[in-house]
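Fold and contact review
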Amino acid sequence: MGCCDGGGTRRRAALLFLAVAAACVAAAAAQEPNTDAYFVSGFFSKLGRPAPSASGGGGGGGVCSWPGVSCDGEGRVTAFSAAGMGLAGAIPEDTVGKLARLQVLDLSGNRLTALPNDLWELGASLRALNLSGNAIAGALPNNVGNFARLQALDVSHNAFAGALPQALGSVASLQVLNASHNRFQGQVPSAVVFGCGNLVAMDLSGNALDGELADLSPLRSLAYLNLSGNRLSGSIMGAFQEQLKSIDLSNNRFSGFNFSSGYAGSALMYLDLSGNELLGEFNIAGRFRNLRHVNLAHNQLSNANLLVSMGEISELEYVNLSSTGLHGQIPQFSSRLVGLKVLDLSRNNISGVVPDMSSLRLHVLDLSVNNLTGEIPVALVKKLASMDRFNFSYNNLTVCASELSPEAFAAAFAKSRNDCPIAVNPDSIKKGKGKHKGMKLALAVVLSLFFSVLGLLCLAVACRRRRKRCDTLPVVKQVSFKEEPSVSGPFAFQTDSTTWVADVKVATSVPVVIFEKPLLSFSFADLLAATSNFDRGTLLAEGRFGPVYRGFLPGGIQVAVKVLVHGSVMEDQDAARELERLGRIKHPNLVPLTGYCLAGDQRIAIYEYMENGNLHNLLHDLPLGVQTTEDWSGDTWEDNVGGVATEIITPEGTATWMFRHKIALGAARALAFLHHGCIPQIVHRDVKASSIYFDCSMEPRLSDFGLSMIAGTSTDNDLLHHSPGYTPPEFFISENAMATAKSDVYSFGVVLFELVTGKKPLGDEYPDQKEASLVNWARAMVKANLGSSIIDPKIRDTGLERQMEEALRIAYLCTAELPSKRPAMQQIVGLLKDIEPKVAEQD
C-alpha cells in the first residue's frame, strides 16, 4: 500500500507540473510581441503595476478576460479601461497606442502626467477618449484632429494650457466635448463652432478663455453648454439657440444679453448667468415656459417685473436673484409654482410686505438684506419649520416665531422685531371650581410676578457681565495711535481738537441723526460728552479719512465716531443724502453706519463700535494668544438681547487657518456686495488689513466704504490712491489712474497674502528674497511652486496645507499686474468657498 500511495503522489505531482507548464506556455503565447495582450500587459508593467488577473475562463480567454478589457469576435481589444487605479507618470509608449482596433479608452481618475506620441495612431478606430481627472500638462496638440471618428472627448480636470486646438473643428463626428477645469486660454475656437455640427454637449468651464463669444447658431445639435468660470465678455446673445436645454455662463464678464426676437427658449430647463456684469432689464415674458432652474445672482439688473414674469413659468424649481438690484414688491406667487423649492431674493432693494407663500413647497427661502416691512404672514411662519433654510434678516420686519430657539431666531431674523405676546396659555390652566380656581389663579399671578422680577435681576447682571467681558477682550487694547502717522487730517493731534470744536457755536442746536433710533433726540453736545470733547484719550485710530473716537451716547449706545477730512465740494444737503444712503447699505460683513452729524464745516460719520479691533492689530501689533486675567474657560456668554448664546473665539482660536479663512471669506463677501450688490457700484478705494474690524463675536467686518465722495475733493490724491503696500501697479504707471473694482481686488489680494503668510505688506522680513514688498516676494514664491514654504508658522499645523497653498494662488490671481487679468470679487468668493475648511478637517 505504501509503495502504491507513493507512486500515486508522484503521478499527481507530475500532472500538476504539466498543467502549470501548459498555462505558462499559453500565457507566453498570448503575450507574444506585437499582440494586444503584449501591449496591455506592457502598459501596466511600464507603470510599475502587475497586469490584472483574468476574471473568468469563458470567452476567448487571455487578455479578453481581464477586467476593463473588451474584445471583438477575433480576440482583438476594442475597449480598455484603467480608471481610478492610482496610476502615475507618463502614459508609456508602445502600449495602448498600438491597440489598432481600440474604440474606447478610459484612463480617468489617475495621476498620469503626459500623453504618448503614438496615441494619435488610434485615429482610424477610436470613438471615445476619457483622460479626465489626471495631471496632464502642456498643450493639447493639433494631432487630436486625427481622431476622425471620435464621438466623445473628455480631458477635464487636468493641467492642459494654451489655446484649444483649432483641429478640433475637423472632428465632425464629435458629440461630447469636455475640456473643463484646465488652463486653456484665448477664445472659443471658431473652427469648433463651424466644424462640429453634431456636438450635443460642450463644457469648457473653469478655464481662462476670454474675448467675446461667437455666434453658436451653427451648432444646431447643441443641447448642453457650460462656459462658466472663464473671462468671456461682450454679449451672451449668440449663446441662446432654440434647441439648448442647459446654459451655464456664470462667473464671466458678460455685459449684454438682449435676446433675438424669435427666441422662445422652449427647450431650456437650466439657466445660470450669475456672477457677470449684466445691466438693465432682463425680459423673460413669453419665454422659457419649461425652465426649472434660473440663477441671475450678482448682476446689475433693474427691472421690477422680473418676478411677475417668472410667476408664469409653472415648472420652476430653483430661483436665485440675489444681488441683482431688484426693486419693487414681491408679487403674490400663483399656485402654479407648485414645484418651486428654492427662492433667493436676498441683497436687493425690494420693498413692501412679505406675501403669503405658504402654499409653495419651498425648501429654501432667503429674503435677507432688503427693505421689506410689516409682519410676516403667520401661515408662512408656520411653514418655516418644514424648510431646510430660511433667512429674513436685515429688513424691518415683525414676526412671532415662538417655536424657534433664540439661536435660530437670531440667525434668521436679525434686525427684525419679535412680536410674540407674553401671556398665559389658557389651555394650560385646568378648570376648577370656586375656591380652587381662585387659588390657582392667584398662585399663577404671584409666580409670574416673582419670575418677572427674578428675570429682570438676571438680565441686569448679564448686561453688566457682557459689558465687562467685551471691554476686557484681549484685542480691545490693540488700538494703535500710530497706524498711519504720516496722515494728519484737519486736526492738530499733538494738542487737541478744541479749535474746530469751538467753531460750532451752539452745540445743542446741531442734530445727530441715528438711523435705528429716529425717535431719540441727540445733538452735537451729546457727541462732545460721549468723546470727552474729542479728547485724545478716546482716540481709537487716525485713518486717511480722519480720526476715529470711541464714545457712549445717552442710553448706553457705544459708537465709533469718525470725523471726516473736510474739503469736499459736496453741499451739506447732498452730504446728508449720501450718508443716509450709506446707512441703508447693510451686510453681515460690513461695519454698519448708524448715523451722522453735520457740525459746522465737519462731516461726522457714526458707526457701530467694533469691540475687537482690526486685522492689522491682530496680525502684527500684539502676539496672538495673549490671555487676560479673566476666566476664559468657557467659549460663550449670554447675550443681553433675547438671551442668545453668542460664540466667542478665544485668542488661541484666532491663530488657526479656519479663522484666517473666515476673515478672508467675510471680507471678500463684503467687497462682492459693494461691487455687485449696490447700485451704483461702490468702490472701496482703501482695502487694507486695518479696514477689517471684528465685532463682539469676532465676525470680520469691512469699514470705511463709500466715504470718498464725502471726504475730500475729486482731485485729492491722498484719498484717490490706496494705502502704501496695497496700491495696484497701475497707479505707479499713470498719474491719472482711477480707483476701480479691480484695484479693490488687488488690495484684497494683498490682505489675503497677509492672512496666509503673517507678513506685513511693506518693511517685513521676506526670507530668501531681496524683494521690498510682500506682493513681489509672495508672487515670486508662488510662481516657483514654493508657496508651502511661506505659510505662517502659527497656522501651518492648524489645517490642510493644500487649502493654504490654494489661497496663495487666489491672492496671486488678485494681484495680477494687468487689471483685466484679475478676477471679479464674486468669483473670488466662489474660489474661497471651494477651499473652506470644515471642522472635521481641523481635528
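As the structure is a computational prediction, the values presented were derived from the model and not from experiment. (Residues numbered from 1 in each chain as written. Predicted model: local features only at pLDDT ≥ 70, side-chain atom pairs only at ≥ 80, totals over all residues. Heavy atoms only, no water.)

Helix and strand counts for the protein come out as 19 helices and 41 strands. Relative to its full complement of 843 residues, the protein shows a buried share of 50%. Considering only contacts in the protein between residues 6 or more positions apart, those separated by 24 or more positions represent 54%. Put simply, the protein shows about 38,800 Å² of open surface, and 54% of that area lies on carbon and sulfur atoms. (Helix = DSSP H or I, 4+ residues; strand = E, 2+ residues; numbered from the N terminus. Buried < 20%, exposed > 50% of the residue type's maximum accessible area, 1.4 Å probe, protein only. Contact = heavy atoms within 4.5 Å. Areas by Shrake-Rupley, 256 points an atom, 1.4 Å probe, with all protein chains shown as cover.)

A separate point is helix α10 (residues 572-583). Counted at 1.5 Å a residue, the expected span for α10 with its twelve residues is 16 Å, and the 16 Å between its end C-alpha atoms agrees. Among the residues of α10, Ala575, Ala576, Glu578, Leu579, Leu582 and Gly583 are the ones counted as buried. End-on, the buried residues of α10 take up no more than an arc of 165 degrees, which puts them together on one face. On its buried side, α10 packs onto β36 (593-599) and β37 (602-608). (Expected span 1.5 Å × (residues − 1). Arc of directions from axis to C-beta.)

Moving on, we get to the nonpolar core. Grouped together as the largest cluster of nonpolar side chains are 113 residues, with contacts concentrated most on Phe43, Phe80, Phe240, Phe282, Met357, Phe392 and Phe413. Counting residues per element, the ones that place at least two in this core are α2 (36-46), β2 (77-81), α3 (190-195), α4 (306-310), α5 (378-383), β29 (396-399) and α6 (406-412). In terms of nonpolar packing, the next biggest core, distinct from the first, is built from 80 residues, Val369, Tyr609, Val745 and Phe748 among them. (Core = buried A, V, L, I, M, F, W, Y, C linked by side-chain atoms within 4.5 Å.)

All told, the structure shown has one disulfide when counted by the stated rule. In this model, Cys64 is linked to Cys71 through a disulfide, with the two sulfur atoms separated by 2.2 Å. Because the torsion about its S-S bond is -105 degrees, the bridge between Cys64 and Cys71 counts as left-handed. (Disulfide = S-S within 2.5 Å.)

Time to look at the sheet that holds β36. The strands that make up a sheet are held in pairs by hydrogen bonds between backbone atoms, and each pair lies either parallel or antiparallel. Judged by pairing direction, the sheet is antiparallel, and its seven strands sit side by side in the order β32-β31-β36-β37-β35-β34-β33 without closing on themselves. The two strands at the open ends of the sheet, each matched to only one other strand, are β32 (522-523) and β33 (539-543). (Pairing = 2+ DSSP bridges.)

Our next topic: the pattern of salt bridges. Side-chain pairing between opposite charges can occur once the charged atoms of the two side chains come close. What the rule picks out here adds up to 16 salt bridges. Of the charged contacts, one joins Lys688 and Asp686 as a salt bridge, the two residues approaching to 3.2 Å between their closest N and O atoms. Each member of the pair, Lys688 as well as Asp686, is classed as buried. Residues joined in a network through salt bridges with shared partners are Asp72, Glu74 and Arg101. (Salt bridge = Lys/Arg side-chain N within 4 Å of Asp/Glu carboxyl O.)

What follows deals with the packing of helix α15 (residues 741-757) against helix α16 (residues 774-783). A pair of packed helices can be characterised by two numbers: the angle between their axes and the separation between those axes. It is at 10 Å that the axes of α15 and α16 come closest, and there the two elements cross at 70 degrees. Relative to α16, α15 is oriented roughly perpendicular. Contact residues: α15 offers Tyr746, Val750, Phe753, Glu754 and Thr757, while α16 offers Leu774, Val775, Trp777, Ala778 and Arg779. Within the contact of α15 with α16, the residues separate by chemical class into seven nonpolar, one polar and two charged. (Axes fitted to C-alpha atoms, helices over the stretch in contact; angles between N-to-C directions. Parallel < 35°, antiparallel > 145°, perpendicular 65-115°, else oblique. Nonpolar A, V, L, I, M, F, W, Y, C, P; charged D, E, K, R; others polar.)

Mean pLDDT for the protein: 79, with 77% of residues reaching 70 or above. Taken together, the stretch residues 13-30 has pLDDT below 50 and engages in three contacts with residues farther than four places along the chain or on a different chain. Confidence drops under pLDDT 50 across residues 422-437; counting only partners more than four residues distant or on other chains, this segment forms two contacts. (pLDDT = per-residue confidence, 0-100.)

Taken as a whole and judged by the stated rule, the model has 16 aromatic pairs. For the pair Phe390 and Phe413, a centre-to-centre distance of 6.3 Å together with 45 degrees between the ring planes defines the contact as tilted. One end of the pair, Phe390, is in strand β28 (residues 389-391); the other, Phe413, is in the loop between α6 and β30 (417-418), with 23 residues separating them in the sequence. For Phe390, a relative accessible area of 16% puts it in the buried group. A relative accessible area of 1% places Phe413 in the buried class. One residue, Arg779, lies across the ring of Tyr812, its end atom 3.9 Å from the ring centre. (Phe/Tyr/Trp six-rings, centres within 6.5 Å; stacked < 30°, edge-to-face > 60°. Lys NZ or Arg CZ within 6 Å of the ring centre and 35° of its normal.)

Another point: the environment of Val591. Position of Val591 among the secondary structure elements: in the loop between α10 and β36. Counting along the chain gives 110 residues from Val591 to Arg701, while the straight-line C-alpha distance between them is 5.3 Å. Sequence-distant contacts of Val591, defined by excluding residues within four places in its chain, comprise Tyr607, Glu608, Met610, Tyr693, Arg701, Leu702, Ser703 and Phe705.

Moving on to the sheet that holds strand β9 (residues 159-163). One open sheet holds the six strands; their spatial order is β7-β9-β11-β13-β15-β17, and the pairing between them is parallel. In this open sheet, the two edge strands, each paired with only one partner strand, are β7 (137-139) and β17 (253-256). Averaged over neighbouring strand pairs, the angle between their axes works out to 15 degrees when direction is ignored. By the bridge criterion, three bridges tie strand β13 (residues 208-212) to strand β15 (residues 231-235) in an arrangement that is parallel.

Next up on the list: the environment of Val364. Inspection of the secondary structure puts Val364 in strand β26 (residues 364-366). For the pair Val364 and Ser386, spaced 22 residues apart in sequence, the C-alpha separation works out to 9.8 Å. Other than its neighbours up to four places away in sequence, Val364 contacts Lys341, Val342, Leu343 and Arg389.

For β36, the buried fraction is high: six of the seven residues fall into the buried class. Across three bridges, strand β31 (residues 511-514) lies against β36 in antiparallel orientation. Across the sheet, residue Val513 finds its bridge partner in β36, namely Tyr596. Between β36 and β37, which pair antiparallel and follow one another directly, the connecting turn spans two residues, one of which, Gly600, has a positive phi of 60 degrees.

Two numbers describe how α16 lies on helix α17 (residues 801-814): the axes approach to 10 Å, and their chain directions differ by 120 degrees. Comparing their axes, α17 and α16 come out oblique. With respect to the hand of their crossing, α16 and α17 are arranged in left-handed fashion. Taking contact as the criterion, the partners of Arg779, Val782 and Lys783 in α16 are, on α17, Leu808, Arg809 and Tyr812. (Left-handed = near helix turned anticlockwise from the far one by under 90°.)

Here we take up the environment of Gly206. As for its position among the elements, Gly206 is in the loop between β12 (201-203) and β13. A residue is classified by how much of its surface remains accessible, and Gly206, at 25% relative accessible area, is partly exposed. Setting aside residues up to four positions removed in sequence, Gly206 forms contacts with His181, Asn182, Ser228, Gly229 and Asn230.

With that settled, the discussion passes to unusual backbone geometry. A positive phi is found at Asn533, a non-glycine position, where the angle reads about 60 degrees. Within the fold, Asn533 resides in the loop between α9 (524-530) and β33. Residue Asn533 is classed as partly exposed on the basis of its relative accessible area, which comes to 44%. Positive phi is not limited to glycine here, since Asp704 has a value of about 65 degrees. Structurally, Asp704 is set in the loop between β41 (700-702) and α13 (717-720).

Here helix α18 (residues 825-834) has its buried residues at Met825, Gln826, Gln827, Ile828, Val829 and Leu832. In the core, the buried residues of α18 are packed alongside α12 (657-676), α15 and α17.

Attention shifts here to the pairing of β31. Going residue by residue along β31, you find Val512 and Ile514 tucked away on one face and Pro511 and Val513 left uncovered on the opposite face. Where β31 and β32 come together, two bridges link them in antiparallel fashion. What sits directly across from Val512, in β32, is Phe522.

With that out of the way, let us pick up the side chain of Lys759. For Lys759, the position within the fold is in the loop between α15 and α16. For the buried Lys759, no salt bridge exists, and the shortest N-O distance to an oppositely charged side chain is 4.3 Å, to Asp764. Residues contacting Lys759, with those up to four places away along its chain left out, are His620, Glu754, Asp764, Glu765, Tyr766, Pro767, Leu774 and Trp777. (Lys, Arg positive; Asp, Glu negative; His and termini not counted.)

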